[in-house]
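Tertiary structure, described
Here's the letter readout for the chains.
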Number of protein chains: 4
Amino acid sequence: MSATLNVGLIGTGRIGKVHAEHLAHRIPRVKLSVISDMDEASAKTCAEKLGVHKVAKDYKQVLQDPAVNAVVICTPTDTHAQLIEEAAVAGKHIFCEKPIAQTLPKIDRAVGAVKKAGVKLQVGFNRRFDPNFARAKQAIASGEIGELHLLHIISRDPGPPPISYVKVSGGIFLDMTIHDFDMARFLAGSEVTEVYTAAAVLVDPAIGEAGDLDTAMVLLTFENGEIGCIDNSRKAVYGYDQRVEALGSAGAVQVSNNYPNSAVISDAANVKRDLPLNFFMDRYTESFMTEMNAFVSAVVENTPVPVTGHDGRMAVVVGLAARKSYDEHRPVKISEIG
Amino acid sequence: MSATLNVGLIGTGRIGKVHAEHLAHRIPRVKLSVISDMDEASAKTCAEKLGVHKVAKDYKQVLQDPAVNAVVICTPTDTHAQLIEEAAVAGKHIFCEKPIAQTLPKIDRAVGAVKKAGVKLQVGFNRRFDPNFARAKQAIASGEIGELHLLHIISRDPGPPPISYVKVSGGIFLDMTIHDFDMARFLAGSEVTEVYTAAAVLVDPAIGEAGDLDTAMVLLTFENGEIGCIDNSRKAVYGYDQRVEALGSAGAVQVSNNYPNSAVISDAANVKRDLPLNFFMDRYTESFMTEMNAFVSAVVENTPVPVTGHDGRMAVVVGLAARKSYDEHRPVKISEIG
Amino acid sequence: MSATLNVGLIGTGRIGKVHAEHLAHRIPRVKLSVISDMDEASAKTCAEKLGVHKVAKDYKQVLQDPAVNAVVICTPTDTHAQLIEEAAVAGKHIFCEKPIAQTLPKIDRAVGAVKKAGVKLQVGFNRRFDPNFARAKQAIASGEIGELHLLHIISRDPGPPPISYVKVSGGIFLDMTIHDFDMARFLAGSEVTEVYTAAAVLVDPAIGEAGDLDTAMVLLTFENGEIGCIDNSRKAVYGYDQRVEALGSAGAVQVSNNYPNSAVISDAANVKRDLPLNFFMDRYTESFMTEMNAFVSAVVENTPVPVTGHDGRMAVVVGLAARKSYDEHRPVKISEIG
Amino acid sequence: MSATLNVGLIGTGRIGKVHAEHLAHRIPRVKLSVISDMDEASAKTCAEKLGVHKVAKDYKQVLQDPAVNAVVICTPTDTHAQLIEEAAVAGKHIFCEKPIAQTLPKIDRAVGAVKKAGVKLQVGFNRRFDPNFARAKQAIASGEIGELHLLHIISRDPGPPPISYVKVSGGIFLDMTIHDFDMARFLAGSEVTEVYTAAAVLVDPAIGEAGDLDTAMVLLTFENGEIGCIDNSRKAVYGYDQRVEALGSAGAVQVSNNYPNSAVISDAANVKRDLPLNFFMDRYTESFMTEMNAFVSAVVENTPVPVTGHDGRMAVVVGLAARKSYDEHRPVKISEIG
């Protein structure tokens, strides 16, 4: 593989724009050579702003472009699996936003095609690349806190998405907790074997009417015997709450939220500070660049990608188990799902 | 009731000595008039040090003493229920260390005797009186964080007790988590309706051989729909880890550990501080005095005690349910226990 | 010297009551045998509450009492020097509240009498015994942060004292900063050689009209070349602000305020906590007991006291230099004072 | 002025590269149209990487280019004044790295030329744009902490520069503290009227042999009566220490260091975290982009620049006064300097 990777980006929505800017200007050894979007105007605007000369309305043009070595898929979730498959058949390496799909047959077909084609597939679990979570991982993986015993993941959104979105989201466990299931597997370095879910509708009854939940705790048991708990809420009025802590035999690690500044103000009533960063693009800015850098490196240097198709699949498997546990009010083994 | 309460203290072990000193010198409106211990020498030493003139080898002398209005029971756990019953029959108000007993029939008999006698019974769940937890309670009860949605209790010991103790302890849920079950009910202001336990032996295999567990997460569902998680470990190498956090509809509250000092030291390797307080008597010093103060006030002013026999009973009920959940590997309703 | 020290306490005002309770109940190897106050009723109330049998209206009775080995002087400042001298002549060991006096001739006479009599004198610079400051001292003295380079002392009162008090206080440098001058010498382990003062009346013009200042920064130069800064204000609306930080060649140490609890509350506006402890008796509770313990130990074991007459003198010397620097608008050498 | 500013960048050293990347890709309404460096290869490399088509060995080509509306000067300090003057004469708006010059006549001539030409000049005091310091400024300027009384600026480098640099640096006060003098004026919103300096050579004797100092505290008095203290050291082994705190009549604000992550690790010895960010380009990343954004906005919208030539001048004036105070061992009025 040449030292510079030619990348085609498909999908110029919110996250697509972020990846496009990083690929265009901020990541070494890569050239963003074509930008594609069904909404051609969106693709053009994005391309012009970044000095990219080729634009495609149809993503198939990207896949057929012999100059393109890899694609970055930022289209809506329900198209991911199909695009992965086609890209794999076309021999392109693939970075795809999470989740691969919301059902296992689709995921298996896409991952199978990747395997058959021998291309690389990295799934966009960006949080692994966040400096806080990466440091927690290091503390666990390096033995700094000994053997892992207990794991907590707090993951709360500043506010619920619109009900229209909730209805097509796949449910809280596949839409929101999926990041935490990946984080749990990532931090534990071990597979989840069983889940038990306690969940409720406490934030907005309309979420319940849409068949979903907005507040949950999911207990996880891991292969190695560790126990974990994921805490989710669709609404933390104080902002985006993203923390983990882990207890090991030799210590503990705890990561806290990120703030817009470090100022602490003391007045006659309180000692206080501004709220934590509220929006995932502010909170996780750095992680998006780091994950793409890692993808480019993996392709250019032909090393394993840090987040695989298997990782993408397992997060969905655990998510399906979590919902099943809630529905059947019992602990569910991961092996029941697939 | 006269403005000064005459108290007899029974049992001069570790916690008995703490209560004795508080009663002798630091709590208003109370007189420690007699100290009793089967080990008469221990009672005498304690009494002399505190300027208390009466000593009894047999606790029955205390119960028969007409000058005594109330007793403080600090004897071993397996004697609590019997002493409560006898003290109630003797018409004495009662402060008793937790737990009342490890089985429900004993508890019910003791609490029944108290009810029949019309005396007051306060159970020694001292953590409710800790300034940190009391502030968390205030944040929840006052509506400062809105309606409670999610609750976490982290409760880890610095190290496991001797195996000889583990064998007679009643198991981790009745010996250690019992404090957390009480804390959960206290903070939520609502009864637990169901528990699910994931637990393991990760600290010391000998604990498992003794039939007990050393690492656990217990999911709690409350009457009002809130969900809680208790995190227990018998061994946190960094010290006594005692924290809670709660998410409500209008905010969150989080309490952290207590430290021997506030010094932060930055050197060429780290920014660091000394470990948190390691021993429960250091960590909870203030709470022991505050709870006794509250007991004395409740008796002298004839107001309800802040921790009742019902509270003492329910913590045991939840503890029994937690173990049953582990044994049967399923969620257990509190109503299954009693 | 017998293993139990018989102490007479003189002066039952606010701080006298604190010392009396500690001496009566909480410090080993000491007996509070007599309490004295010109206001005999106050002495009696205090004695009764603590079970002390002897009371004296006239402090001379205490000094003449052959059973008394040591005296604790808690009378108004302007009587300290005279009482120290008389106690020394009477052969009693002496603990005296700070300052010894506000003028050097008085101090020198008192300290001279102590020296001549060969008794021990400890001055009540209690802050040295505060766990935070003691830990900072340890970090500096042990070499944990290398050689000291820079020192900051932040010392702010929650609010100014009444103007009537300001008028007789001796001025901010002898009344308030004196604690900080002692802290500076204590932490640096080196004498101050020069001071430069910038000060103003920013809190209350009435303080200026009374001839005093309410806001100040005092730069200190030490024998060993270190540089320090004391920051004083008579009014920090958020509470009692008592911090230090030190930079050394191998690191830094920073101590922060003490809080009534560790609860952090996040709501839709802020992440916040309750104000720091507001009153010096709450903030420094532990230090008062520790300093008295140290005094008793020094006498019983015949070891040097931890805060000497020289320490008491030097804090006043630096205070006088600080005011002179302000008055003459120039750096003032300590050797100019005495 | 057209909605897009054409900028020529002069000097492609460390900070020049940072500004170039921001101008090329990350700041709206600006086009980096030419890059100049005496080292033409450096200019070319930089231009190619950023897709800039014009390169100039001689900065005069930039000044003569009619397409260029503004210049960004990132050349060595001793060329700033001359370049500012020439750019002003050429009618270009100017962003210039600090300091303008190290002597007042040079500064006055440059600022005079700017004034005469009617162009805009912004000086690169980037720290004003750091989110922490900007929040402190807001707390002070908005009245959130009332009227300012006391100000502390802690500003310590991770390690001293090479002695070769020290010799040409202009001394600690013009090289390092100059940022803090600007910060002091910025935060106070008031001019410094007098300084008093205590300083020493404690880090490295070679710095003293080079005629400079490495450790200093500078007391500042402001027009409005506030008092401030700047704390400088050339060596904080734990990293780049950049903090301020301010006391006002209604509260206080305190900003702390920035860290690479929020992970706190507790082990059997300590509760600890990684060291603060160590390098000014990491610590102040965001501020460099924000200041350039502000410059572009000021030119495009024809509004006042946020950091003026007067600001650039005053920081040097205070720096000269600080050194004079040290040399003459007395407080020095700013009016003595100019």
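1. Observations concerning the sheet that holds strand β1 (residues 5-10) of chain B
Residue and element names in this part refer to chain B. Reading across the sheet, the six strands line up as β3-β2-β1-β4-β5-β6 and stay open at both edges, with parallel pairing between neighbours. Each end of this open sheet is capped by a strand with a single partner; those strands are β3 (54-56) and β6 (121-123). On average, each strand axis in the sheet is inclined to that of its neighbour by 25°, with strand direction left out of account. In this sheet, β6 lies alongside strand β5 (residues 93-96) in parallel orientation, the contact comprising three bridges. Within β6, the residue paired with Cys96 across the bridge is Val123. The sheet contacts of helix α4 (residues 77-89) involve β1, β4 (70-73), β5 and β6, and relative to β5 the element is tilted by about 165°. Strands in contact with helix α12 (residues 285-300) are β1, β2 (30-36), β4, β5 and β6; relative to β5, the strand with the most contacts, it is inclined by about 165°.

2. Overview of the packing of aromatic side chains
Counted according to the given criterion, the structure contains 22 aromatic pairs over all chains. For the pair Phe280 of chain B and Phe288 of chain B, a centre-to-centre distance of 6.2 Å together with 75° between the ring planes defines the contact as edge-to-face. For Phe280 of chain B, a relative accessible area of 23% corresponds to the partly exposed category. Taken together, the ring pairs in this structure connect Phe133, Tyr240 and Tyr284 of chain A into an aromatic cluster. A cation over an aromatic ring shows up here: Lys137 of chain B above the ring of Phe186 of chain B, its NZ or CZ 5.0 Å from the ring centre. For the cation-ring pair, Arg283 of chain C lies above Tyr284 of chain C, with the distance from its terminal atom to the ring centre recorded as 4.5 Å.

3. Section: the interface of chain C and chain B
Contacts between the two partners involve 26 residues from chain C, matched on the other side by 26 residues from chain B. Taken together, the two surfaces of chain C and chain B that pack against each other cover about 2,000 Å², and 46% of this comes from carbon and sulfur. Our count for the contact surface shared by chain C and chain B stands at two salt bridges. With a closest N to O distance of 2.6 Å, Arg135 of chain B and Asp274 of chain C form a salt bridge. Inspection of the chain C/chain B interface yields 11 residue pairs in polar contact (both at pLDDT 80 or more). In terms of residues, the side of chain C that touches chain B owes the most to one element, strand β12 (residues 251-255) of chain C, which gives five residues. Looking at the side of chain C that touches chain B residue by residue, the class counts come to 12 nonpolar, eight polar and six charged. By the bridge criterion, four bridges tie strand β12 (residues 251-255) of chain B to strand β13 (residues 264-267) of chain C in an arrangement that is antiparallel.

4. Focus: the sheet that holds strand β5 (residues 93-96) of chain C
Residue and element names in this part refer to chain C. The strand order β3-β2-β1-β4-β5-β6 describes an open sheet built from six strands, whose pairing is parallel. The sheet terminates laterally at β3 (54-56) and β6 (121-123), the two strands that pair on one side only. On average, each strand axis in the sheet is tilted by 25° relative to the strand beside it, whichever way the strands run. Inspection of the sheet shows strand β1 (residues 5-10) paired to strand β2 (residues 30-36) by six bridges, in the parallel sense.

5. Things to note about the relation of the copies chain C and chain B
With an axial shift of 0.0 Å and an RMSD of 0.0 Å, the rotation relating chain C to chain B amounts to 180°. Viewed as a symmetry operation, the transformation between the two copies matches a two-fold axis. The position closest to the rotation axis in chain C is occupied by the C-alpha of His25 of chain C, lying 3.6 Å away. Mapped onto chain B, 100% of the interface residues of chain C again fall at the interface, so both copies present the same surface.

6. Section: the packing of helix α9 (residues 177-188) of chain C against helix α13 (residues 309-328) of chain C
All names here are of chain C. The contact between α9 and α13 brings their axes to 9 Å, and the two run at 115°. Pair α9 / α13 crosses with right-handed handedness. Of the residues in α13, those touching α9 at Ile178, Phe181, Asp182 and Arg185 are His310, Asp311, Met314, Ala315, Val316, Val318, Gly319 and Ala322. Here the contact of α9 with α13 is composed, by residue class, of seven nonpolar, two polar and three charged.

7. Quick word on the confidence of the model for chain A
Put simply, chain A has an average pLDDT of 96, and 99% of its residues get 70 or more. As a predicted assembly, this complex carries a pTM of 0.96 together with an ipTM value of 0.95.

8. A look at the relation of the copies chain B and chain A
The two chain copies are connected by a rotation around an axis plus a translation along it. When chain B is fitted onto chain A, the two copies agree to an RMSD of 0.0 Å after a turn of 180° and an axial shift of 0.0 Å. Most of the interface of chain B is mirrored in chain A: 100% of its interface residues are interface residues there too.

9. Observations concerning the side chain of Asn132 of chain C
Tracing the sequence through the fold places Asn132 of chain C in helix α6 (residues 131-141). Not counting chain neighbours up to four residues away, the residues in contact with Asn132 of chain C comprise Asn261 and Ser262 of chain B together with Val255, Ser256, Asn258 and Arg283 of chain C.

10. Overview of the interface of chain B and chain A
Each side of the interface is counted separately: chain B has 41 residues, and chain A has 41 residues. Between chain B and chain A we count two salt bridges in total. Here Arg243 of chain B makes a salt bridge to Glu245 of chain A, at a shortest N to O gap of 2.8 Å. Across the contact surface, chain B and chain A share nine residue pairs in polar contact (both at pLDDT 80 or more). Tallied by class, residues from the side of chain B that touches chain A come to 21 nonpolar, 11 polar and nine charged.

What counts as what
Residues numbered from 1 in each chain as written. Chains lettered and ligands numbered in written order. Predicted model: local features only at pLDDT ≥ 70, side-chain atom pairs only at ≥ 80, totals over all residues. Heavy atoms only, no water. Pairing = 2+ DSSP bridges. Helix = DSSP H or I, 4+ residues; strand = E, 2+ residues; numbered from the N terminus. Axes fitted to C-alpha atoms, helices over the stretch in contact; angles between N-to-C directions. Contact = heavy atoms within 4.5 Å. Phe/Tyr/Trp six-rings, centres within 6.5 Å; stacked < 30°, edge-to-face > 60°. Buried < 20%, exposed > 50% of the residue type's maximum accessible area, 1.4 Å probe, protein only. Lys NZ or Arg CZ within 6 Å of the ring centre and 35° of its normal. Buried area = accessible area lost by both parts, 1.4 Å probe. Salt bridge = Lys/Arg side-chain N within 4 Å of Asp/Glu carboxyl O. Polar contact = N/O pair within 3.5 Å; in protein donor to acceptor, adjacent residues only side chain to side chain. Nonpolar A, V, L, I, M, F, W, Y, C, P; charged D, E, K, R; others polar. Least-squares fit on C-alpha atoms with pLDDT ≥ 70 in both. Left-handed = near helix turned anticlockwise from the far one by under 90°. pLDDT = per-residue confidence, 0-100.

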